[in-house]
Amino acid sequence: MELGLKNKVAIVGGGSMGIGYGIADRLAGEGANLVIFARRVPKLEAAAKTLSEKHGVKVIPVSADIRDQDESGRIVQTAIDQFGRLDILVNNDGAPPLGSIESFDDVAWQKAVEQNLFSVIRMVRSALPHLKAAGSGSVLNISAISAIQPIAGFGLSVATWAGLIGYAKTLSMEIAKYGINVNTICPGYIDTDRLQKVFAAGTESPESVRAKLTAEIPLGRIGSTADIANLVALLVSPAGAYITGCTIPVDGGLLRALR
Ligand SMILES: NC(=O)c1ccc[n+]([C@@H]2O[C@H](COP(=O)([O-])OP(=O)(O)OC[C@H]3O[C@@H](n4cnc5c(N)ncnc54)[C@H](OP(=O)(O)O)[C@@H]3O)[C@@H](O)[C@H]2O)c1
C-alpha cells in the first residue's frame, strides 16, 4: 500500500535507537526526509548515515537533550532550514527512572515533567506554525501502556504521561481545523535496549523476567519496533488522516480493559 509519505518531512525524536529508530526507518522507507534527534552524537550520526544510505533520503541528525527548553526551536528550525517545510512530528525519547513514588523528590519530578510532558508541549509549540503552513500534518506521541494501566514503580512516567494524554486529546480538538491529526501510541513490551534494562532492574534474572512477562501477553511474544512503526506510518499518512485524538495500545493484547 502506497502511504503517500514520499518527500514529506518528519522530525523523529530518539531516532538513534529503539522505537524511534524503528519509526525513522519506516518513514524513511516510505520516502520521507527526516530530522532525527538524541543526545549521544556517535550513535545518532551512525543512525542518520545508515538510514540515508539504506533508503536514499536525507536524514539530518541533531544532538539535543529534549529536557532543555531551548532545544525544540533549534530542532524544528533545522527541519525548516534543510527542507523548507514540516509535515510530521513524532515525540519520542527516553523516560524518567523507575522507583517508588515516595523515593522521588521535587528535582526528580521536575525532570520527569520536562521529559514526558514539557518536551512535547515545546516541540508542538515550535512545530505548529509550520504544520499549519503545510496545510495538513500529524503529531504522534509515543507514551506507554503503563499510562493507562499503571504499574507500581513506574510512577514518574505514569503521572506525567497521563498528563500528556490529556494534553494530546485537547490539542487534537483544537487543531483538527488545520488538517492536523494528533494521536498517542502506548506500546506494551517492545524489544529495545531500554526493555533489556527494565528486565535487568530487579534481583531476578533478565531471562526469567522476560519469560514471565511474555507469558502475560495474549499474542505470546514481546513486540518489535516495527510493530510500533507500522501504526505510526499509517497514522501520519493521508490514509490515517481521519484518525485523531486517539490513545492506542500496541501491546499484543496486554491491556486488560474494555476501552
Ligand atoms: N521498549 C519498551 O518496551 C517501551 C514500552 C513502553 C513505552 N516505551 C517508551 O518508548 C520510548 C522509547 O523507548 P525505547 O525502548 O525505544 O528506548 P531506548 O531504546 O532507550 O531509546 C531511547 C531514545 O531516546 C533518546 N533519548 C533519551 N533521552 C533523551 C533526551 N533527554 N533527549 C533526547 N533524546 C533522548 C535516546 O538517545 P540518547 O540516550 O543518546 O539521548 C534514544 O535514541 C520511551 O519513552 C519509553 O519509555 C518503551
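Per chain, the residues get numbers from 1 upward, laid out in the order the sequence is written. A pLDDT threshold of at least 70 governs which residues receive local features in this predicted model, and a stricter bar of 80 or more applies before side-chain atom pairs are shown or counted, although totals over entire chains, interfaces and linings include all residues. Note: side-chain values were computed over all heavy atoms of the structure, leaving out hydrogens and water.

> Hey, could you run me through the nonpolar core in this one?
Nonpolar side chains in soluble globular proteins generally cluster together in the buried interior. Take the buried Ala, Val, Leu, Ile, Met, Phe, Trp, Tyr and Cys residues and link them wherever side-chain atoms come within 4.5 Å; each set so joined is a nonpolar core. Burial classes: relative accessible area under 20% of the type maximum marks a residue as buried, over 50% as exposed, and values in between as partly exposed (1.4 Å probe, protein chains only). Counting residues in each nonpolar core, the largest one holds 36 residues, and the members touching the most others are Ile 11, Val 35, Ile 75, Leu 86 and Met 123. The numbering of helices and of strands both runs from the N terminus, where a helix is a DSSP run of H or I of at least 4 residues and a strand a run of E of at least 2. Every element with two or more residues in this core is listed here: β1 (9-13), β2 (33-38), β3 (59-63), α3 (71-83), α4 (106-134), α5 (155-175) and β6 (180-187). At eight residues, the largest contribution of residues to this core is made by α4. Discounting chain neighbours no more than four positions away, the residues touching Leu 86 are Val 9, Ala 10, Ile 11, Val 76, Ala 79, Ile 80, Ala 127, His 130, Leu 131 and Ala 134. Any pair of residues with heavy atoms lying within 4.5 Å of one another is described as a contacting pair.

> Quick question: what am I supposed to make of the domain arrangement of the chain here?
Size of an interface: often given as the accessible area lost when the parts come together. Segmentation of the chain into domains returns domain 1 (9-188 + 226-250) and domain 2 (190-222). What gets called buried area is simply the loss in accessible area from a 1.4 Å probe that two parts show on being joined, summed for both. Where domain 1 abuts domain 2, roughly 660 Å² becomes buried across the two surfaces, and 66% of that area is made up of carbon and sulfur atoms. For domain 1, the biggest contributors to the area lost against domain 2 are Met 17, Leu 98 and Asp 227; these three give 42% of the whole. By salt bridge we mean one thing: a side-chain nitrogen of Lys or Arg within 4 Å of a carboxyl oxygen of Asp or Glu. Counting every contact that joins domain 1 to domain 2 gives one salt bridge. As a salt-bridge pair, Asp 227 and Arg 221 come within 2.8 Å of each other at their nearest N and O atoms. Throughout this description, a polar contact denotes any pair of N or O atoms lying within 3.5 Å of each other; where both atoms belong to protein, one of them has to be capable of donating a hydrogen while the other can accept it, and for residues adjacent in sequence the pair is counted only when both atoms sit in side chains. For the pair domain 1 and domain 2, the number of links is one residue pair in polar contact (both at pLDDT 80 or more). Sorting the residues of the side of domain 1 that touches domain 2 by element identifies α1 (18-29) and α8 (225-235) as the ones contributing at least two each. Amino acids outside the nonpolar list (Ala, Val, Leu, Ile, Met, Phe, Trp, Tyr, Cys, Pro) and the charged list (Asp, Glu, Lys, Arg) are all regarded as polar, and Gly is one of them. Along the lines of polarity and charge, the residues of the side of domain 1 that touches domain 2 split into nine nonpolar, two polar and one charged. The domain limits used here are those given by an automatic or database domain assignment.

> Even after reading the chapter, I still don't get the layout of surface pockets, so can you show me in this structure?
Where empty space is left in the structure can be found by rolling a water-sized probe over the atoms. Here a cavity is any set of points on a 1 Å grid over the protein atoms alone where a 1.4 Å probe fits but cannot get out, and a pocket is any open set with protein on both sides within 12 Å along at least 5 of 7 lines; a residue lines the site when it has an atom within 4 Å of a point. Grid points are joined across faces, edges and corners, and a volume is the space filled by probe spheres set on the points. Of the volumes computed, that of the second largest pocket is approximately 210 Å³. In terms of lining, the second largest pocket is formed by 15 residues, of which the most central are Leu 98, Ile 151, Ala 152, Phe 154 and Val 198. For the lining of the second largest pocket, the elements supplying multiple residues, two or more each, are α6 (193-199) and α7 (206-215). In terms of residue class, the lining of the second largest pocket is made up of 10 nonpolar, four polar and one charged.

> What is the right way to read unusual backbone geometry from this model?
Negative phi is the rule for most residues except glycine; trans is the rule for most peptide bonds. Of note, Asn 7 is a non-glycine position whose phi angle comes to about 70°, a positive value. Its relative accessible area of 53% is what places Asn 7 among the exposed residues.

> Sorry, what's going on with the sheet that holds β2 here?
Two modes of strand pairing occur in sheets, parallel and antiparallel, and in both the strands are linked by backbone hydrogen bonds. One open sheet accounts for seven strands, arranged β3-β2-β1-β4-β5-β6-β7; its pairing is parallel. If you trace the sheet from one side to the other, it starts and ends with β3 and β7 (246-250), each paired once. Strand after strand, the sheet turns through a mean of 15° between neighbouring axes, direction not considered. Two strands form a pair only when DSSP identifies at least two bridges running between them. The pairing of strand β5 (residues 137-142) with β6 spans six bridges and is classified as parallel. Axis lines are fitted to C-alpha atoms, over the contacting stretch for helices. Their N-to-C directions set the angle, which ranges from 0 to 180 degrees.

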